[in-house]
Amino acid sequence: MRRLQVGEIAPEMRLGPQETRHVQVLRLRPGERLQVFDGRGAEAVAVLSELDAGHALLHLDTAAEAYSRGAEYPQPVTLAIALLKGDKLADVVRAATELGVSNIQLLVTQHAEARDIGVQKLVRLRRIASEAARQSERRVVPEVLEPLPLGQLSWEGRALLAHPGSAARVTDLLDWQTPLTLLSGPEGGFSEAEVALLRERGAEAVTLGPRILRAETAPLALLGAIAATGV
């Protein structure tokens, strides 16, 4: 079955122009069934009832059991990543979504390659997250949050900081008792003052192995270590 994100799962779901175009691109026809998800964890099976150039209408398939792949982590995972130039952020957002993050917090740091991003780029990153969630059969679409100075970052639960030379590994500290925030810096990493500040606030430093990774590779190494646990 094809997959489609909707604003809300309800007995009747009328799609807007963008979603209708997506249904047309998928070449669906009235009477066909598809998987729908709201990006916040709910998922179901629906039947395409009507389709024309201007709108599409779906009805919940009450004969089908609730659809659930259980593809989300036991606790929400936030990726807090420094701003990167070019399309590097797009690549990170796409892969991080596939690897299960719930939120992506963009950060302005001392060594960041960029100090801000435009509105259109932020909109594009959010669209990439939505598309990646649909493709990877996620039930949740990660929220891509506007850039925030590192000093203003707050988190709930545990925070793990990617920092070369650390002794602990991600899997040593992973317990899924609380939400998890993963912090990854820019090219050149976080400054020593930033690392000290984060540690004072409770972040725990972890190693990504003996090699120095690029800024767009490090966050995916963090998330890959978690995904490899099979949780």
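Refer to the structure above for everything that follows.
The rules behind each value
Residues numbered from 1 in each chain as written. Predicted model: local features only at pLDDT ≥ 70, side-chain atom pairs only at ≥ 80, totals over all residues. Heavy atoms only, no water. Pairing = 2+ DSSP bridges. Helix = DSSP H or I, 4+ residues; strand = E, 2+ residues; numbered from the N terminus. Axes fitted to C-alpha atoms, helices over the stretch in contact; angles between N-to-C directions. Contact = heavy atoms within 4.5 Å. Phe/Tyr/Trp six-rings, centres within 6.5 Å; stacked < 30°, edge-to-face > 60°. Buried < 20%, exposed > 50% of the residue type's maximum accessible area, 1.4 Å probe, protein only. Salt bridge = Lys/Arg side-chain N within 4 Å of Asp/Glu carboxyl O. Parallel < 35°, antiparallel > 145°, perpendicular 65-115°, else oblique. Nonpolar A, V, L, I, M, F, W, Y, C, P; charged D, E, K, R; others polar. Left-handed = near helix turned anticlockwise from the far one by under 90°. Core = buried A, V, L, I, M, F, W, Y, C linked by side-chain atoms within 4.5 Å.

1. A word on the sheet that holds strand 9 (residues 158-162)
- Here six strands make up an open sheet; going across it, the order is 8-7-6-10-9-11 and the pairing parallel. Strands at the two margins of the open sheet, each flanked by one partner only, are strand 8 (143-149) and strand 11 (204-206). Neighbour-to-neighbour, the strand axes of the sheet open up by a mean angle of 25°, direction not taken into account.
- The sheet contact formed by strand 9 and strand 10 (residues 180-184) spans four bridges and is parallel. Bridging from a neighbouring strand, arginine 158 pairs with leucine 180 of strand 10.
- Strand contacts of helix 6 (residues 218-227): strand 6 (77-82), strand 9, strand 10 and strand 11, with the helix running at about 150° to strand 10, the strand carrying the most contacts.

2. With respect to the packing of aromatic side chains
- Tallied over the entire structure, the rule returns one aromatic pair.
- A ring pair is formed by tyrosine 73 and tryptophan 176, whose centres lie 5.1 Å apart and whose planes are at 20°; its orientation type is stacked. With tyrosine 73 in the loop between strand 5 (56-60) and strand 6 and tryptophan 176 in the loop between helix 4 (170-173) and strand 10, this pair connects stretches of sequence that are 103 residues apart.
- Look at tryptophan 176 and you get buried, because its relative accessible area is 14%.

3. Focus: the pairing of strand 10
- Extensive coverage of strand 10 is indicated by the burial of five of its five residues.
- Summarising the sheet, strand 6 and strand 10 pair through five bridges and their orientation is parallel. Each bridged residue has a counterpart across the sheet, and for isoleucine 81 the counterpart in strand 10 is serine 184.

4. Observations regarding the pattern of salt bridges
- Within this structure, the stated rule accounts for 10 salt bridges.
- Residues arginine 33 and aspartate 61 are paired through a salt bridge, measuring 2.8 Å at the closest nitrogen-oxygen approach. With a gap of 28 residues between them, arginine 33 in strand 3 (residues 33-37) and aspartate 61 in the loop between strand 5 and strand 6 connect regions that are remote in the sequence.
- One salt-bridge network, in which partners are shared between bridges, spans Arg158, Asp175 and Glu204.

5. Observations regarding the packing of helix 2 (residues 88-98) against helix 6
- It is at 10 Å that the axes of helix 2 and helix 6 come closest, and there the two elements cross at 5°. As summarised for this structure, helix 2 and helix 6 are arranged roughly parallel, according to the angle between their axes. The segment helix 2 lies against helix 6, with Val92, Ala95 and Ala96 engaging Pro219, Leu220 and Leu223.
- When grouped by side-chain class, the residues that make up the contact of helix 2 with helix 6 number six nonpolar, no polar and no charged.

6. A few points about the sheet that holds strand 4 (residues 43-51)
- Read across the sheet, five strands follow the order 1-3-4-5-2 without closing on themselves; strand pairing throughout is mixed. Both outer strands of the open sheet, strand 1 (2-5) and strand 2 (12-15), are each paired with one neighbouring strand and no more. Between one strand axis and the next, the sheet turns by 40° as a mean value, whatever way the strands run.
- Contacting strand 1, strand 2, strand 4 and strand 5, helix 1 (residues 17-25) crosses the sheet at an angle of about 175° to strand 1.
- Across the sheet, helix 3 (residues 119-135) lies against strand 1 and strand 3, angled at about 145° from strand 1, the strand it touches most.

7. Observations regarding the packing of helix 2 against helix 3
- Two elements in contact, helix 2 and helix 3, have axes separated by 8 Å at closest approach and are oriented at 30°. By the angle between their axes, helix 2 is roughly parallel relative to helix 3. When you trace helix 2 past helix 3, the crossing you get is right-handed. Where helix 2 abuts helix 3, its residues Leu89, Ala90, Val93, Arg94, Thr97 and Glu98 lie against Arg124, Leu125, Ile128, Ala129, Ala132, Ala133 and Gln135.

8. Some words on the nonpolar core
- Counting 38 residues, the largest nonpolar core has Leu106 and Leu182 as its most contacted members.
- Elements with a contribution of two residues or more to this core: strand 6, helix 2, strand 7 (103-108), helix 3, strand 9, helix 4, strand 10 and helix 6.
- Non-local contacts of leucine 106, meaning those with residues more than four positions away in its chain, are made with Ile81, Leu83, Leu89, Ile117, Leu122, Leu125, Val144, Leu145, Glu146, Pro147 and Leu148.

In short, the description is geometric, and any link to function would need to be established separately.
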